[in-house]
Every structure is written in C-alpha cells, then in structure tokens.
Amino acid sequence: GGPQLSAAAPGNPRIENRSITVGCRVKPGAEPDGVLVAQGGQMYGYSVFVQHGRLCFTVRDRAKPTTIRAEQPVPRSAFRVEAVLDQGGQMVLRLDGRQVASGKAGGLISTQPGLGFCIGQDMRSAVGPYALPFAYAGGVSEVIVNGVAMATEFYTPKQDMGGWLSKLETSE
C-alpha cells in the first residue's frame, strides 16, 4: 500500500489547535477520484480528495465533519492543490492558485489525531465521506504540510513505498 506513518512518527505533522496548509501536485490517472492527502480518522483529522471528479476538503473535529467541494471538475492534466484551515476555522480550497471552494469549520482540529499521515489513499479510518482506502489512481507529489515537505516525488499508492518511509523516519 501507500505510505502510512503512525501518529508517533517524526514525519507526522502536528495539527492540533493550529492552522493547516496542505499543498500537493497531482497527475491524474485513469480514474479521477481518490484521496490525495489525509491525516487522522473518524474523530480528528483532514482529507484532501477528489470525489465525483470534484476537488474536496474535509476537516473533522470531535467526529464532526465539515466538507467543502469545488463546483468545477478537476483538470485532466497535472494540477496543483492547496487546502487551508485558518485560525478562525475558515476553510479554503485552491486549484492552480485559484480559489474553488470555501466554507467554515467549527474551528481548528482540537486534538492531534491518533492515526497517521497518508498520501494517495486513506488508511484504517476514513476522514472523509468515502469507503477506505479510496486510493487515487494518479500520482501525488510535492506534498507540503505547514511548510514541511512530506514527499517530493510522484508516486501512486500501488508503488512500494518502503524506501520512502525508511528515508522519512531517519531524516529527523
């Protein structure tokens, strides 16, 4: 499967009670839908994903989900995504630098999720309104969470990520 970090791993971003900015570059696959980046699970966390061809962002706090969705379908060629949860609980989703959705969560994510960080799929517990693992058929790269690079190279969940994980865990 794809990379998955336990909550204790040094590469697992700290997101409790802080604003979150998640960015990535996406290279679409045969199917448009799937998880691009997710952290956490059914209690606390966030997920940036494509569903029904539309870019979506879910934030979950105390099991309550808030999801915003773009009106327009995602492009068929490579694109960049930025999802932001700001200090006031405002959610914004940008596609290639253009705002495509916004909304209001109840606030920040109040507790560091016990479940880890995933790219290209969601593991163990779904943050968003989809069935696990909701793997993305395309490639996800240049993943940045709050200014920290989580992955630079393109990969899909189908690739073996053991080398990537060991590299990440020894980089602290």
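As a convention, each chain's residues are numbered from 1 in the sequence order in which they are written. Predicted model: local features are reported for residues with pLDDT of at least 70 only, side-chain atom pairs are reported and counted for 80 or more only, and whole-chain, interface and lining totals are derived from all residues. Only hydrogens and water are removed before side-chain values are computed, so all heavy atoms of the structure are retained for them.

Caption draft 1: Seen up close, the pairing of strand E7 (residues 90-95). The pairing criterion for strands is at least two bridges between them, as found by DSSP. Helix and strand labels come from DSSP, where a helix needs a run of H or I of at least four residues and a strand needs a run of E of at least two; each type is numbered from the N terminus. For strand E6 (residues 79-85) and E7, the ladder comprises five bridges, and the chain directions are antiparallel. Bridging from a neighbouring strand, alanine 83 pairs with leucine 93 of E7. Following E6, the chain reverses through four residues before pairing antiparallel with E7; glycine 89 in that reversal takes a positive phi of roughly 85°. Pairing geometry for E7 and strand E8 (residues 98-104), over six bridges, is antiparallel. Paired with arginine 94 across the strands is glutamine 99, a residue of E8. Taken together, E7 and the strand that follows it, E8, pair antiparallel across an intervening segment of two residues, in which aspartate 96 is found at a positive phi of about 50°.

Caption draft 2: Geometry of the sheet that holds E8. If you trace the six strands from one edge of the open sheet to the other, you get E8-E7-E6-E1-E10-E11, paired in antiparallel fashion. Looking along the sheet, the strands with just one partner apiece sit at the ends: E8 and strand E11 (148-151). On average, adjacent strands in this sheet sit at an angle of 15° to one another, irrespective of strand direction. The convention used is that axes are lines fitted to C-alpha atoms, helices contributing only their stretch in contact, and that angles between N-to-C directions extend from 0 to 180 degrees.

Caption draft 3: Layout of the confidence of the model for the protein chain. Confidence of the prediction at every residue is given by pLDDT, a number between 0 and 100. Here the protein chain shows a mean pLDDT of 86. Residues at 70 or above account for 83%. Note on contacts: a residue pair is in contact if any heavy atoms of the two residues lie within 4.5 Å. Across residues 6-10 the pLDDT falls below 50, and counting only partners more than four positions away or on other chains, this stretch makes nine contacts in the model.

Caption draft 4: How the structure looks around the packing of aromatic side chains. In summary, the pairing rule links any two rings of Phe, Tyr or Trp, Trp by its six-membered ring, whose centres are within 6.5 Å, and it sorts them by plane angle into stacked for under 30 degrees, edge-to-face for over 60 and tilted for everything else. Taken as a whole and assessed by the stated rule, the structure comprises three aromatic pairs. Ring centres of tyrosine 130 and phenylalanine 134 lie 4.9 Å apart, and the angle between their planes is 15°; this geometry places the pair in the stacked category. Only protein chains enter the area calculation, which uses a 1.4 Å probe; residues under 20% of their type maximum are buried, those over 50% are exposed, and those in between are partly exposed. A residue is classified by how much of its surface remains accessible, and tyrosine 130, at 10% relative accessible area, is buried. When its relative accessible area of 18% is taken as the criterion, phenylalanine 134 is described as buried. One aromatic cluster is present, formed by Phe49, Tyr130 and Phe134 through successive ring pairs.

Caption draft 5: The arrangement of the sheet that holds strand E9 (residues 117-119) in detail. Strand order in the open sheet formed by five strands is E5-E4-E3-E2-E9, with antiparallel pairing between adjacent strands. The outermost strands of the open sheet, each flanked by one partner alone, are strand E5 (64-73) and E9. Between one strand and the next, the sheet's axes are offset by a mean angle of 10°, whatever the strand orientation. Of the pairings in the sheet, the one linking strand E2 (residues 34-40) to strand E3 (residues 45-51) comprises six bridges and is antiparallel in character. Considered in E3, the bridge of valine 35 is made with phenylalanine 49.

Caption draft 6: Layout of the pattern of salt bridges. Note on definitions: salt bridges are taken to be side-chain nitrogens of Lys or Arg within 4 Å of carboxyl oxygens of Asp or Glu. Counting across every chain of the model gives five salt bridges. A salt bridge links glutamate 16 to arginine 14; the shortest N-O distance between them is 2.5 Å. You can call glutamate 16 partly exposed: its relative accessible area is 26%. The salt bridge involving arginine 80 is made with glutamate 142; its shortest N-O contact spans 2.6 Å. Of this pair, arginine 80 sits in strand E6 while glutamate 142 sits in strand E10 (residues 139-145), placing them 62 residues apart in sequence. Judged by its relative accessible area of 41%, arginine 80 falls in the partly exposed class. In this structure, a network of salt bridges that share partners links the residues Arg25, Arg80 and Glu142.

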